[in-house]
Amino acid sequence: MNTEDKKNGVLTKDGKRFLLPFLLITSCFALWGFANDVTTPMVKAFSKIFRMSVTEGALVQVAFYLGYFVMAFPAAMFIQRYSFKAGVLLGLSLYAAGALLFFPAKVWGIYPPFLLAYFVMTCGLSFLETSCNPYIYCMGSEETATQRLNLAQAFNPIGALLGMFVAMHFVQARMSPLDSSNRLRLSEAQFEMVKNHDLGILIQPYLFIGVILILLLVVIRVVRMPKAGDTHSGTRMLDTLRQLLHIKNYREGVVAQFFYVGAQVTCWTFIIQYGTRIFMEEGLDERGAEILSQKYNIVALFIFTCSRFICTWFLKYIQPGRLLSILAIVAGCAVLGVILFTNRNGLYCLVAVSACMSLMFPTIYGIALRGLGERVKVAGAGLIMSILGGSVFPPIQAAIIDSGVSLFGLPSTHLSFVVPLCSFLVIALFGHHAYVRHNITHNYED
């Protein structure tokens, strides 16, 4: 090993080690994974607590993912003017503020304040996602940047699994066992009593994570972190945006990411409704069916986590665009099974979709940023902005579920999965176009 190798490594740059800063920033990956997946089951929970339709309950996802859309470019501008560390601190502050807003929302006892809390939370998550990925990139040599980012991103599904576990065991299992139909028969006084009890259970994970966030914020504030210089001004950013809009590969990547996030959120959100319908037909009560459905959701995320490593290995042998299109086509076939099977086989297909989704977000991200040079930082904010798909698609699918429409004997819950089916078709097309563009460029260079 030569002297240069000793100075530059996975967590070393110019002889400086960044182990503690890396651990602190990597913890943010787990924290936003927790937020995403502790929230997914809340669509069903809020629908029961406030005696609402599935469409009204899906407003949780609208508020949640709207924050990503609103704050992506402001976050990029803030980071460029100040620093990555400042972006992380502001992101943690907004995340903590949103989590702690659940307490006054519970006191008010109405639905809109909870939506506001979710929105503030995800404004913070948008800052974190826009800051942490490039910050991790800087904590070592450029040659080991991909290895370092993959290591940090591995903590995201770990946080997500913890979020699902908490939602199942500390929220769903402790809520009132009254099902939706019996809640509708409660008197106003009885309804208020049950609602206050359930809201008291629901807010506890958010208050706990809010305290954790404040402690992490203080630690990051006092620890000496690597400095990263700003490379763009506000004016330059606008010029860069104009340039990016003329790049077809990037434009298509943003669209594909929009549809992917929509597909992921709908598949993981409505697995509760889908499984509940199946298990209730098998004889389970509504509460037991919901908890069992959440267990399947946890299995889906576990498969998602394992599949990420497997698909990363496949990338050594298969061009990213081709692998993306293959995964999207297989996911579409699995969703067809979700629609057509009316028993547990459909649920197994829905769990299998997660194996296909595992590599989609980073693969679309990487393909879209290919060849952008210095424009990568601003372009990345655009891709974070496309997470808005998680806000747009759930209400559409929820409206289909609430419509009660039936076609060829298939219930509305099953038919609603035509929404992610269409999304995977869009992703498959993007992957194919990316593969063709790659081959054209490669052949031209040869």
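This report concerns the structure included in the present document. Keep in mind that what you see is a predicted model, and the values were worked out from it rather than measured.

Okay, the overall build of the protein chain next. Helices and strands together make up the secondary structure of the protein chain, namely 24 helices and two strands. Restricting the contact set of the protein chain to residue pairs at least 6 apart, pairs at least 24 apart contribute 82%. When the accessible surface of the protein chain is summed, it comes to about 19100 Å², and 67% of that surface belongs to carbon and sulfur atoms.

Quick look at helix α22 (residues 389-403) now. It helps to recall that an α-helix has 3.6 residues per turn; residues three or four apart then point in one direction. Relative to the 21 Å expected for 15 residues at 1.5 Å per residue, α22 spans 22 Å between its end C-alpha atoms, a close match to the ideal helical length. Of all the positions in α22, only Gly-389, Gly-390, Ser-391, Phe-393, Pro-394, Pro-395, Gln-397, Ala-398 and Ile-401 are classed as buried. Immediately beyond the C-terminal end of α22, within one or two residues, lies Gly-404, with a positive phi of roughly 70°.

Turning next to the pattern of salt bridges. Going through the model one piece at a time under the given rule, you end up with six salt bridges. Where Lys-48 meets Glu-290, a salt bridge forms, and the shortest distance between an N and an O atom there is 3.4 Å. With Lys-48 in helix α3 (residues 42-49) and Glu-290 in helix α17 (residues 286-314), the pair connects residues that are 242 residues apart, well separated along the chain. Of the two residues, Lys-48 and Glu-290, neither departs from the other in class, the shared state being buried.

Attention now moves to the side chain of Glu-129. Position of Glu-129 among the secondary structure elements: in helix α8 (residues 111-138). Glu-129 gets classed as buried once you look at its relative accessible area, which sits at 10%. Separated by 3.0 Å, the side chains of Glu-129 and Tyr-68 make a polar contact. When near neighbours in sequence (up to four residues on either side) are disregarded, Glu-129 contacts Trp-32, Tyr-68, Ile-384 and Ile-387.

With 15 residues, helix α12 (residues 188-202) should reach 21 Å at 1.5 Å per residue; the first-to-last C-alpha distance of 21 Å fits that figure. Taken together, the buried positions of α12 are occupied by Phe-191, Val-194, Lys-195, Asp-198, Leu-199, Gly-200, Ile-201 and Leu-202.

Our next topic: unusual backbone geometry. Note: most residues except glycine have negative phi, and most peptide bonds are trans. Positive phi outside glycine occurs at Arg-51, with the angle close to 55°. Along the chain, Arg-51 falls in the loop between α3 and α4 (54-57). Arg-51 gets classed as partly exposed once you look at its relative accessible area, which sits at 27%. Positive phi outside glycine occurs at Phe-408, with the angle close to 55°. Mapping Phe-408 onto the fold places it in the loop between α22 and α23 (412-415).

Moving on, we come to the environment of Cys-422. Residue position: Cys-422 is located in helix α24 (residues 418-445). By relative accessible area, Cys-422 is classed as partly exposed at 40%. Each C-alpha atom of the pair Cys-422 and Gly-332 lies 8.1 Å from the other, and the pair is 90 residues apart in sequence.

Attention now goes to the layout of surface pockets. Any space left empty among the atoms is revealed by the rolling of a water-sized probe across them. What the second largest pocket holds in volume is close to 330 Å³. As for the second largest pocket, its lining consists of 18 residues, of which Lys-44, Met-52, Val-54, Ser-180 and Gln-273 are closest to the centre. At the level of elements, α3, α11 (180-184), α16 (271-281) and α22 are the ones that each hand at least two residues to the lining of the second largest pocket. The residue makeup of the lining of the second largest pocket, split by class, is five nonpolar, seven polar and six charged.

Turning to empty space enclosed by the protein, a few remarks are in order. Tallied over the full model, the rule gives one cavity of 30 Å³ or more. Of the pockets and cavities examined, the largest cavity occupies roughly 60 Å³. What lines the largest cavity is Pro-41, Lys-44, Ala-45, Lys-48, Gln-172, Met-175, Ser-176, Arg-287 and Glu-290. Put simply, the parts of the chain that give the lining of the largest cavity at least two residues each are α3 and α17. Broken down by class, the residue content of the lining of the largest cavity amounts to three nonpolar, two polar and four charged.

Moving on, we get to a nonpolar patch on the surface. Taken together, Leu-100, Phe-208, Val-211, Ile-212, Ile-214, Leu-215, Val-218 and Val-222 make up a surface patch of nonpolar side chains, about 720 Å² in accessible area. Per element, the largest residue contribution to the nonpolar patch is seven residues, and it comes from helix α13 (residues 204-222). Relative to the helices and strands, Ile-214 is located in helix α13. Owing to a relative accessible area of 41%, Ile-214 belongs among the partly exposed residues under this scheme.

Quick look at the packing of aromatic side chains now. Under the criterion given, the structure shown has 26 aromatic pairs. Grouped by ring-pair contacts, the aromatic residues Phe-46, Phe-50, Phe-64, Tyr-68, Phe-102, Tyr-111, Phe-114, Tyr-118 and Tyr-206 constitute a single cluster. Geometry around Phe-191 places Arg-51 over its ring, the cationic atom sitting 3.6 Å from the centre.

One can describe the packing of helix α15 (residues 248-269) onto α16 by two numbers: an axis separation of 4 Å at closest approach and a directional angle of 30°. Side by side, α15 and α16 meet where Thr-266, Cys-267, Trp-268 and Thr-269 of the first sit next to Ile-271, Ile-272 and Gln-273 of the second. For the contact of α15 with α16, the class distribution of residues is four nonpolar, three polar and no charged.

Thresholds applied
- Residues numbered from 1 in each chain as written.
- Predicted model: local features only at pLDDT ≥ 70, side-chain atom pairs only at ≥ 80, totals over all residues.
- Heavy atoms only, no water.
- Helix = DSSP H or I, 4+ residues; strand = E, 2+ residues; numbered from the N terminus.
- Contact = heavy atoms within 4.5 Å.
- Areas by Shrake-Rupley, 256 points an atom, 1.4 Å probe, with all protein chains shown as cover.
- Expected span 1.5 Å × (residues − 1).
- Buried < 20%, exposed > 50% of the residue type's maximum accessible area, 1.4 Å probe, protein only.
- Salt bridge = Lys/Arg side-chain N within 4 Å of Asp/Glu carboxyl O.
- Polar contact = N/O pair within 3.5 Å; in protein donor to acceptor, adjacent residues only side chain to side chain.
- 1 Å grid on protein atoms, 1.4 Å probe; cavity = no way out; pocket = protein on both sides within 12 Å on 5 of 7 lines; lining within 4 Å.
- Points joined across faces, edges and corners; volume = space filled by probe spheres on them.
- Nonpolar A, V, L, I, M, F, W, Y, C, P; charged D, E, K, R; others polar.
- Patch = residues over 30% accessible without salt bridge, like charges linked within 9 Å, V, L, I, M, F, W, Y side chains within 5 Å.
- Phe/Tyr/Trp six-rings, centres within 6.5 Å; stacked < 30°, edge-to-face > 60°.
- Lys NZ or Arg CZ within 6 Å of the ring centre and 35° of its normal.
- Axes fitted to C-alpha atoms, helices over the stretch in contact; angles between N-to-C directions.

By themselves, these figures tell us nothing about what the structure is for.
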